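# What the coordinates show
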Amino acid sequence: MEIAQITRALQQDAVTVVFLNVLLQQIGLPVPAVPTLLLAGSLATTPSALGQVLAAALVASVIADWLWYWSGQLFGYRVLAGLCKLSINPSSCVSETEARFIRWGLPSLVLAKFIPGFSTVAPPIAGALRMNQLKFLLAAGAGAVLWAGLALSAGWLLQDTVRAAIALLEAHTRTALVLVLVLLGGWLSWKLWQKFRFRKLAALPHITADELIAAMAEGDAPLVLDLRGAAMAAETAAIPGARRTTLALLLIDAGEWPKDRPVVTLCACPEDASAKHAARQLLDAGYLSARPLKGGYEAWLAAQPPQAL
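Residues numbered from 1 in each chain as written. Predicted model: local features only at pLDDT ≥ 70, side-chain atom pairs only at ≥ 80, totals over all residues. Heavy atoms only, no water.

All right, on to the packing of helix α3 (residues 47-75) against helix α8 (residues 133-157) then. α8 packs onto α3 with a crossing angle of 140° between their chain directions and a minimal axis gap of 8 Å. As summarised for this structure, α3 and α8 are arranged oblique, according to the angle between their axes. With respect to the hand of their crossing, α3 and α8 are arranged in right-handed fashion. Residue-level contacts link Pro47, Leu50, Val53, Leu54, Ala57, Leu58, Ser61, Val62, Asp65, Trp66, Tyr69 and Trp70 of α3 to Gln133, Phe136, Leu137, Ala140, Gly141, Ala144, Val145, Ala148, Gly149, Leu152 and Trp156 of α8. Here the contact of α3 with α8 is built from residues that sort into 18 nonpolar, four polar and one charged. (Axes fitted to C-alpha atoms, helices over the stretch in contact; angles between N-to-C directions. Helix = DSSP H or I, 4+ residues; strand = E, 2+ residues; numbered from the N terminus. Parallel < 35°, antiparallel > 145°, perpendicular 65-115°, else oblique. Left-handed = near helix turned anticlockwise from the far one by under 90°. Contact = heavy atoms within 4.5 Å. Nonpolar A, V, L, I, M, F, W, Y, C, P; charged D, E, K, R; others polar.)

This is the structure:
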């Protein structure tokens, strides 16, 4: 849709346009909402009209967050793992997102709208961690008001500047589009190169869940390093004998484990990404046998006999 069409739609029914745009963006679709909010703010004729648009953005954002919250309650970390599969860099998506949420707590929901990607994954984490629903809705609402309110206020206060920018874009639509596509293409190429490089470096021999269970039953069991986040590990069953660690503390937590004895790394992340990174780090540090668990924690869980769970 061209800028002129968006402008006309906002002039006719700004509340509906903003509600739908914010809802789709917060659900996770690649439809930016901030430009629409800026434009809606610049076109508002009265404080009352501005307040109605803000209310529409608030309701849309809270509805989307509430849906993600309940998906996290119903399906736990499978939702987050599914979202991180869409990430160009899934190796850090699960662990970093959870670490950020745990470190900041409830305020993270207020700030989530300002952190690209985090606004979509924070609500299902809150649901998976069984955060109080009322507190969640209040924090999500406060974050939505802050995020949408700042954009609308900027549009309202800088009406002339926003309209001049719109006129400039309309006069040079083709040039602006080419520039955006070039920048987007460069960023996407860089990210895809990072993903290709990771997959090449992470081409390591794996160990299956059945092989790990058999090895752990023997007297000379491998060291198992569990890279799942603290909240995820607390929510699910523990792995007997495993040491919890992070990529940053990997070599410290490996301790005095002999480098000629086998080590197994595991995570609960897409493509076993963190486990692969950990195994590569251990090999580079001189360990002779470091293998990621194929399928991660889910594979280990599925391989357990019913009475062992």
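Let's pick the thread back up.
A complete count under the given rule lists two cavities of 30 Å³ or more for this structure. If you add up the space inside the second largest cavity, you get close to 40 Å³. Every element with two or more residues in the lining of the second largest cavity is listed here: α7 (118-128) and α8. The element that contributes the greatest number of residues to the lining of the second largest cavity is α7, accounting for three residues. Split into classes, the residues belonging to the lining of the second largest cavity amount to six nonpolar, one polar and two charged. (1 Å grid on protein atoms, 1.4 Å probe; cavity = no way out; pocket = protein on both sides within 12 Å on 5 of 7 lines; lining within 4 Å. Points joined across faces, edges and corners; volume = space filled by probe spheres on them.)

Okay, the pattern of salt bridges next. Applying the stated criterion to the full structure yields two salt bridges. Residues Lys113 and Asp65 are paired through a salt bridge, measuring 2.8 Å at the closest nitrogen-oxygen approach. Here Asp65 lies in helix α3 and Lys113 lies in the loop between α6 (107-111) and α7, a separation of 48 residues in the sequence. A single burial state applies to Lys113 and to Asp65, both of which are buried. Arg228 is the salt-bridge partner of Asp226, the closest N and O atoms lying 2.8 Å from each other. For Asp226, a relative accessible area of 2% translates into the label buried. (Salt bridge = Lys/Arg side-chain N within 4 Å of Asp/Glu carboxyl O. Buried < 20%, exposed > 50% of the residue type's maximum accessible area, 1.4 Å probe, protein only.)

Here we come to the sheet that holds strand β2 (residues 243-244). Read from one edge to the other, the open sheet built from four strands follows the order β2-β1-β3-β4, with strand pairing classed as parallel. With partners counted over all chains shown, the strands left at the sheet margins are β2 and β4 (290-292), one partner each. The strands touched by helix α14 (residues 273-284) are β1 (223-226), β3 (263-266) and β4; relative to β4, the strand with the most contacts, the crossing angle is about 175°. (Pairing = 2+ DSSP bridges.)

With that settled, the discussion passes to the packing of aromatic side chains. The way to describe two aromatic rings as a pair is by their centre distance and the angle between their planes. Counted under the stated rule, the structure contains four aromatic pairs. Aromatic rings pair up to connect Trp66, Tyr69, Trp70 and Phe136 into one cluster. The ring of Tyr297 is capped by Arg228, whose NZ or CZ atom sits 4.0 Å from the centre of that ring. (Phe/Tyr/Trp six-rings, centres within 6.5 Å; stacked < 30°, edge-to-face > 60°. Lys NZ or Arg CZ within 6 Å of the ring centre and 35° of its normal.)

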